[in-house]
Amino acid sequence: MDDGPVVANAIADLNATEDADNATIDLTNVFDDVDDANASITKTVASNNASLVAPAVNGNTLALDFQANQSGSAAITVTATSNGKTTSDVFAVNVSPVD
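Just so you know, these numbers come straight off a predicted model, no measurement behind them.

Visitor: Which parts of the structure should I look at to understand the overall build of the protein?
Guide: The number of helices and strands found in the protein is zero helices and nine strands. The secondary structure elements of the protein, listed N-terminal to C-terminal, are β-β-β-β-β-β-β-β-β. Burial status across the protein gives 30% buried among its 99 residues. Considering only contacts in the protein between residues 6 or more positions apart, those separated by 24 or more positions represent 61%.

Visitor: Is there a simple way to think about the sheet that holds strand β6 (residues 53-58) in this case?
Guide: Pairing between the strands of a sheet comes from backbone hydrogen bonds, and it takes one of two forms, parallel or antiparallel. Taken in spatial order, the three strands line up as β3-β7-β6 in an open sheet, and their pairing is antiparallel. Each edge of the open sheet carries a strand with a single partner, namely β3 (23-26) and β6. Strand-to-strand twist across the sheet, computed as the mean angle between neighbouring axes with direction ignored, equals 20°. Judged from the four bridges that link them, β3 and strand β7 (residues 61-66) form a sheet pairing that is antiparallel. By the bridge assignment for β7, aspartate 26 is matched with threonine 61.

Visitor: Would you explain the sheet that holds strand β2 (residues 14-17) in this entry?
Guide: One open sheet accounts for four strands, arranged β2-β9-β8-β5; its pairing is mixed. Here the strands that pair on one side only, and so sit at the sheet edges, are β2 and β5 (42-47). Taking the axes of each pair of neighbouring strands and ignoring which way they run, one obtains an average angle of 25° across the sheet. Pairing analysis gives four bridges linking β2 to strand β9 (residues 85-96), with the strands arranged parallel. What sits directly across from leucine 14, in β9, is valine 93.

Visitor: Looking at this structure, how should I read the side chain of threonine 79?
Guide: Of note, threonine 79 is situated in strand β8 (residues 72-82). Within the local environment of threonine 79, its side chain forms a polar contact with the side chain of serine 88, the two groups lying 2.9 Å apart. Not counting residues within four places of it along the chain, the set of residues in contact with threonine 79 comprises Thr42, Lys43, Thr44, Thr86, Thr87 and Ser88.

Reading the values: the criteria
- Residues numbered from 1 in each chain as written.
- Predicted model: local features only at pLDDT ≥ 70, side-chain atom pairs only at ≥ 80, totals over all residues.
- Heavy atoms only, no water.
- Helix = DSSP H or I, 4+ residues; strand = E, 2+ residues; numbered from the N terminus.
- Buried < 20%, exposed > 50% of the residue type's maximum accessible area, 1.4 Å probe, protein only.
- Contact = heavy atoms within 4.5 Å.
- Pairing = 2+ DSSP bridges.
- Axes fitted to C-alpha atoms, helices over the stretch in contact; angles between N-to-C directions.
- Polar contact = N/O pair within 3.5 Å; in protein donor to acceptor, adjacent residues only side chain to side chain.

See the structure below:
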């Protein structure tokens, strides 16, 4: 039987200040495929507030591009797919105003 990926190590919520430097998160150990097919897990990302933070995935690296002069909250959803099966991890990004 082919099992889908699972969230092994959830991504912690992230707090930043307005105009913060962009951030990266290593996704290597976030998901696990119990069939030991971790190399076959593909990852995608979406933000419910791209005007605050624009996310992108390249391999096992999640890049968070904080938009200038913005504050507020966003939910970032990272989805892992393996053999047609998916799971997701959602975490919050909270950006505090500085001016």
